[in-house]
Amino acid sequence: MSSIDRSQSVGGTRTYEVRTYGCQMNVHDSERLSGLLEDAGYVRAPEDADGDADVVVFNTCAVRENADNKLYGNLGHLAPKKASRPGMQIAVGGCLAQKDRDTIVKRAPWVDVVFGTHNIGKLPVLLERARVQEEAQVEIAESLEAFPSTLPTRRESAYAAWVSISVGCNNTCTFCIVPALRGKEKDRRPGDILAEVEALVAEGVSEITLLGQNVNAYGSDIGDREAFSKLLRACGKIDGLERVRFTSPHPRDFTDDVIAAMAETPNVMPQLHMPLQSGSDPVLKAMRRSYRQERYLGIIEKVRAAIPHAAITTDIIVGFPGETEEDFQQTLHVVREARFAQAFTFQYSKRPGTPAAEMDGQIPKAVVQERYERLVALQEEISWEENKKQVGRTLELMVAEGEGRKDGATHRLSGRAPDNRLVHFTKPDQEVRPGDVVTVGITYAAPHHLLAEGAVFDVRRTRAGDAWDKRNAAEQAKPAGVMLGLPKIGAPEPLPAVASGCGCD
């Protein structure tokens, strides 16, 4: 490829597109990949580019059985485009790249770069090396080279941000390949995490989500069993930080000090996503999950006692090898007892390279499908009943961007309640920006959202809304994208005055 082959770039600047698959960790990594590319001079391609960018990056997931088929299908779709566009490059990163390594360029020789989960910071260098040497570059690090949060970023939101507190996982769940691809747990120092949070708040961010493959195991790498609860309490002392969330915890590590920190720290939101996977003790044992039904329900009971309005969500796998109808009934029992606000339900599929893929007792597809449909029907009923309890409540919503697909037609806006429920509300006469906070009364409940059909009680303009305005103004000046930059480490600059009126576990 020649460096002058840029005839299809915009204004002589090479454009990029990042396609993300999988968990929140991948979403966070993709923000870093975008930041790295923009730091190297690339410009984000328009939303409707559909593979017409100069560089297309796939950030892959290896969790689902057909993950590789999906990747190679997409790569095949791009092959003729690449052939007709001299200078175009394709890169594949993430968990599937870590797993398949050299296989990718053998099956798709038109790919230019393959990089793993531990060396995402090398992407710009690898792209340039591939261009100069005119051959594919495959570089898979076996251990973490740089913590993702220390790399440049292009955040998708001006008012909310991910903050990675750990990478990797020390669990050995038989259905999950993530530990083999992400490595053992490695924790960031608390001071580094809090410095990043303070820097983000100084930029206008008012909501952060602490992120880890097994987020509440934080501290195991640094030798402090109460490190996670201490981190939550420390976040509560950061002026201007309105909302703190975290995902995804593991029941094994969910201790009483964490529940107390959640209940006693005002900006830690009354929301908990805690994967169940199965309600059957024998199935949990086969999954190598280090808790049982009684332990799980005990945590739910303690959380509800400490935080009565908490919304609890979960992940459930149906049809794990060896699951009997009795085992499945135990899962339904836990769903009835826990009364989840929502459940992310999955039909078991083989993950190549996991112990479960080789287990006896693989369940026929028809049986798995029938059980899955029963579970979904039960959870839909419970979700609706739990949402109906919200009718009549007055809630503060953080106005969201892009959450309501029908907002334009219905003349509504959308926002998230403290417990993360999605609420569509009547658009007020005054301007409301993403990141601002509105107070509304809930009038109607559906299984997956709430409505506030009356007049908005109050609108509070926030620094987060100001940050959204600032980003939009910058993007209008530079239509293809704007670099939000690497948060500064150390004492943040003084906060601007608030305008009158905000996994696989």
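Since the model is a prediction, treat every value here as computed from it, not as a measurement.

**Focus: the overall build of the protein chain**
Scanning the protein chain from terminus to terminus reveals 15 helices and 21 strands. Sorting the 505 residues of the protein chain into buried and exposed places 56% on the buried side. When the accessible surface of the protein chain is split by element, carbon and sulfur atoms take 51% of a total near 21200 Å².

**Quick word on the pairing of strand E16 (residues 412-416)**
Looking at chain direction, strand E15 (residues 394-399) and E16 are connected through two bridges and run antiparallel. From the neighbouring strand, Met 398 faces E16, where its bridge partner is Arg 416. Judged from the five bridges that link them, E16 and strand E17 (residues 422-426) form a sheet pairing that is antiparallel. Bridged to Ser 414 within E17 is His 424. Linking E16 to E17, which pair antiparallel, is a turn of five residues; within it Asn 420 sits at a positive phi near 80°.

**Overview of the nonpolar core**
Core analysis: the largest hydrophobic core is formed by 67 residues, its most contacted members being Leu 210, Leu 232 and Phe 254. Excluding residues within four positions of it along the chain, Leu 210 makes contact with Val 163, Ile 165, Val 215, Phe 228, Leu 231, Leu 232, Cys 235, Val 244, Arg 245, Phe 246 and Thr 247. If you look at the next biggest cluster of nonpolar residues, it comprises 23 residues, including Phe 58, Tyr 72, Leu 75 and Val 92.

**Some words on the packing of helix H11 (residues 293-306) against helix H12 (residues 325-338)**
For the pair H11 and H12, the least separation of the axes is 11 Å and the interaxial angle reads 10°. As summarised for this structure, H11 and H12 are arranged roughly parallel, according to the angle between their axes. Together, Gln 293, Tyr 296, Leu 297, Ile 300 and Arg 304 of H11 and Gln 330, His 333, Val 334, Glu 337 and Ala 338 of H12 make up the contact between the two elements. When the residues that make up the contact of H11 with H12 are grouped by side-chain class, the tally is five nonpolar, three polar and two charged.

**Comments concerning the pattern of salt bridges**
Under the defined criterion, the tally for this structure stands at 34 salt bridges. Between Asp 224 and Lys 230 there is a salt bridge; the shortest N-O distance is 3.0 Å. A relative accessible area of 24% places Asp 224 in the partly exposed class. Taking the relative accessible area as the measure of exposure, Lys 230 reaches 46% and is therefore partly exposed. The salt bridge involving Arg 471 is made with Glu 401; its shortest N-O contact spans 3.1 Å. Residue Arg 471 is located in helix H15 (residues 463-477), and its partner Glu 401 is located in the loop between E15 and helix H14 (407-410); the two are separated by 70 residues in the primary sequence. Each of Glu 323, Glu 325, Glu 370, Arg 371 and Arg 374 takes part in a single network of salt bridges with overlapping partners.

**A word on the side chain of Glu 323**
In this fold, Glu 323 is placed in the loop between strand E13 (311-318) and H12. Within polar-contact distance, the side chain of Glu 323 engages the backbone nitrogen of Gly 319 at 3.0 Å. Beyond its immediate chain neighbours, meaning those up to four positions away, Glu 323 contacts Val 283, Ile 317, Val 318, Phe 328, Ile 363 and Arg 371.

**Some thoughts on the confidence of the model for the protein chain**
In low-pLDDT regions, the fine details of the predicted coordinates are not to be read closely. Confidence in the prediction of the protein chain, expressed as mean pLDDT, is 87, and 90% of residues score 70 or more. Under a pLDDT of 50 for its full length, residues 1-8 has, in the predicted model, 17 contacts with residues more than four places off or in other chains. Below a pLDDT of 50 lies the segment residues 479-503, which in the model reaches 67 contacts outside its immediate sequence neighbourhood of four places, other chains included.

**Section: the pairing of strand E11 (residues 243-247)**
The element E11 is extensively covered by neighbouring structure, given that five of its five residues are classed as buried. Direction of pairing for strand E10 (residues 207-211) relative to E11: parallel, over a ladder of five bridges. The residue of E11 that forms the bridge with Glu 207 is Arg 243. For the crossover from E10 across helix H8 (residues 227-235) to E11, the handedness is right-handed.

**Remarks on the state of the cysteines**
Following the criterion strictly, the structure yields zero disulfides and no others. Free of any disulfide, Cys 173 has its nearest cysteine sulfur in Cys 176, 6.2 Å distant. Residue classification places Cys 176 among the buried positions, given a relative accessible area of 13%.

**A few points about the sheet that holds strand E3 (residues 55-60)**
Read across the open sheet, the six strands follow the order E2-E1-E3-E4-E5-E6; overall the sheet is parallel. Bordering the open sheet on either side are strand E2 (43-44) and strand E6 (137-139), each of which pairs with just one other strand. In terms of strand pairing, E3 meets strand E4 (residues 89-94) through six bridges, oriented parallel. Looking at E4, one finds that Val 55 is bridged to Gln 89. Most of the contacts of helix H1 (residues 24-39) go to strand E1 (residues 15-20), to which it runs at about 170°, and overall it touches E1, E2, E3 and strand E5 (113-115).

Conventions we followed
- Residues numbered from 1 in each chain as written.
- Predicted model: local features only at pLDDT ≥ 70, side-chain atom pairs only at ≥ 80, totals over all residues.
- Heavy atoms only, no water.
- Helix = DSSP H or I, 4+ residues; strand = E, 2+ residues; numbered from the N terminus.
- Buried < 20%, exposed > 50% of the residue type's maximum accessible area, 1.4 Å probe, protein only.
- Areas by Shrake-Rupley, 256 points an atom, 1.4 Å probe, with all protein chains shown as cover.
- Pairing = 2+ DSSP bridges.
- Core = buried A, V, L, I, M, F, W, Y, C linked by side-chain atoms within 4.5 Å.
- Contact = heavy atoms within 4.5 Å.
- Axes fitted to C-alpha atoms, helices over the stretch in contact; angles between N-to-C directions.
- Parallel < 35°, antiparallel > 145°, perpendicular 65-115°, else oblique.
- Nonpolar A, V, L, I, M, F, W, Y, C, P; charged D, E, K, R; others polar.
- Salt bridge = Lys/Arg side-chain N within 4 Å of Asp/Glu carboxyl O.
- Polar contact = N/O pair within 3.5 Å; in protein donor to acceptor, adjacent residues only side chain to side chain.
- pLDDT = per-residue confidence, 0-100.
- Right-handed = clockwise from strand over helix to strand, strands pointing away.
- Disulfide = S-S within 2.5 Å.

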